[in-house]
Amino acid sequence: MLIPIQDLAGESIDPFSLLDPDERARLLRAAETDVSILILGETGTGKGQLARAIADRSRRRALVEVNCAALPEELLGSELFGHKRGSFTGATSDRKGILMAAAGKTVFLDEIGEISPNMQRMLLRVAQRSNRTIKPLGADTEFPLPPLRFLFATNRNLEVESRAGRFREDLLRRIDVVSVTLPPLREMPKLIQGYAGKFLAELSKLHNIRVSGLDRRALELLKEHPWPGNVRELKNVLERALVTAPREKVVSLRVADIRWATAPGRNGTVPALTMSHAESEAENIRRVVREAKGNIARAARVLGFSSRSSLYIRMKKYGITMEGNEG
């Protein structure tokens, strides 16, 4: 039996959907303030989407997003704090960092658990709740930090990292004023139908493929899958099924389409569930950039990056060219 696509969504699905009603209400109240919020959860649970939704519900809606794992330490320090001329090789002039330029905005530091001990030390005065100061690389003096709001995210357990000496406890206490943990998708199978409707509607427009619906047995198959890559993997599977399913004028996704999309090694490809996170992300970026025919703005939107520069940084990390091939 086919479930029409308009009937799949059911109740509204948004970045807060994985939270229980009480936690959602508390987070929405905190979002209206300038308090720092730490977002925890496995890879692919939608931490970045939740950070953008929090910023959108605050008085500091303009969001500056920095992926801390995408840049080497020196470059990350320069991006965040700025630098003085001559502070390192290639620093030919003074540069104002993101934090000084983010007055009145929300700054989202993603993958905060990946930063080095030295970078953790540098963030201490920036992340404290009052008398925030910043010291550009190579500078002799500190400067007051303009008013802004911090959001942080990581897939690491920072309490465990702190006890192991890999993450400073004093920094953890400064960034963990309010924290929220996104549960894995496997614990919330009732949401899969809504996510399927939302993603298929988006993917139908992106690829200009009309979708009539999803077979009920195929939906049950999706609900039974363990989803190690969480919401991100679900979207990838639906996209893989959609673009490869038999079609004339419209596509009806059947059990065979979903089985193929979740099976490893089909058609010379290795789907996301058999890859590491980095391999899966790189493969996804290559594919989207290739399908976007070099239109980086479009590819960034599809991949959920906040800007073209964020996508360029990730492409450089994985050695991906404009054509989506490894350099």
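Residues numbered from 1 in each chain as written. Predicted model: local features only at pLDDT ≥ 70, side-chain atom pairs only at ≥ 80, totals over all residues. Heavy atoms only, no water.

### Concerning the packing of helix H4 (residues 73-81) against helix H6 (residues 117-127)
It is at 11 Å that the axes of H4 and H6 come closest, and there the two elements cross at 10 degrees. Between H4 and H6, the angle is such that the two are roughly parallel. On the side of H4, the interface is formed by Glu73, Leu76, Gly77 and Phe81, while H6 contributes Asn118, Met119, Met122, Leu123 and Val126. In terms of residue class, the contact of H4 with H6 is made up of six nonpolar, two polar and one charged. (Axes fitted to C-alpha atoms, helices over the stretch in contact; angles between N-to-C directions. Helix = DSSP H or I, 4+ residues; strand = E, 2+ residues; numbered from the N terminus. Parallel < 35°, antiparallel > 145°, perpendicular 65-115°, else oblique. Contact = heavy atoms within 4.5 Å. Nonpolar A, V, L, I, M, F, W, Y, C, P; charged D, E, K, R; others polar.)

### Let's talk about helix H9 (residues 192-207)
In a regular helix each residue adds 1.5 Å, so 16 residues correspond to 22 Å; H9 covers 21 Å between its end C-alpha atoms and thus fits that length. Here H9 has its buried residues at Ile192, Gly194, Tyr195, Ala196, Gly197, Phe199, Leu200, Leu203, Ser204 and His207. Just downstream of H9, Asn208 is the residue with a positive phi angle, here 55 degrees. (Expected span 1.5 Å × (residues − 1). Buried < 20%, exposed > 50% of the residue type's maximum accessible area, 1.4 Å probe, protein only.)

### Concerning the pairing of strand S3 (residues 63-67)
Extensive coverage of S3 is indicated by the burial of four of its five residues. One ladder, built from five bridges, connects S3 with strand S6 (residues 106-110); its direction is parallel. Residue pairing across strands places Val64 opposite Val107, the latter belonging to S6. (Pairing = 2+ DSSP bridges.)

### Let's talk about the nonpolar core
Of all hydrophobic cores here, the largest spans 51 residues; its most connected members are Ile39, Ile54, Tyr195, Leu214, Leu222, Leu234 and Leu238. The residues contacting Leu234, other than those within four sequence positions of it, are Leu185, Ile192, Tyr195, Phe199, Leu222 and Trp227. By size, the runner-up hydrophobic cluster in this structure holds 33 residues, among which are Ile98, Leu123, Val126 and Leu145. (Core = buried A, V, L, I, M, F, W, Y, C linked by side-chain atoms within 4.5 Å.)

### Re the pattern of salt bridges
Throughout the structure, instances matching the rule amount to 20 salt bridges. For Arg186, the salt bridge identified is with Glu42, shortest N-O distance 2.6 Å. Here Arg186, found in the loop between strand S10 (178-182) and H9, pairs with Glu42, found in the loop between strand S2 (37-41) and helix H3 (47-56); they are 144 residues apart in sequence, far enough to count as distant. Note on Arg186: relative accessible area 41%, which makes it partly exposed. Two residues, Glu65 and Arg52, come together in a salt bridge whose shortest N-O distance is 2.9 Å. Placement of Glu65 in strand S3 and of Arg52 in helix H3 is noted, with a sequence separation of 13 residues between them. (Salt bridge = Lys/Arg side-chain N within 4 Å of Asp/Glu carboxyl O.)

### Structural notes on the pairing of strand S11 (residues 211-215)
For S11, the buried fraction is high: four of the five residues fall into the buried class. Pairing of strand S1 (residues 2-4) with S11 involves three bridges; the strand directions are antiparallel. For Ile3, the partnering residue across the bridge sits in S11 and is Leu214. Examined bridge by bridge, S11 and strand S12 (residues 251-253) share three bridges and lie parallel to one another. In the sheet register, Leu214 faces S12, and the bridge partner there is Leu253.

### Details of the sheet that holds S1
Read across the open sheet, the three strands follow the order S1-S11-S12; overall the sheet is mixed. Because the sheet does not close on itself, it has two edges, and the strands there are S1 and S12. Along the sheet, successive strands turn relative to each other by an average axial angle of 30 degrees, direction set aside.

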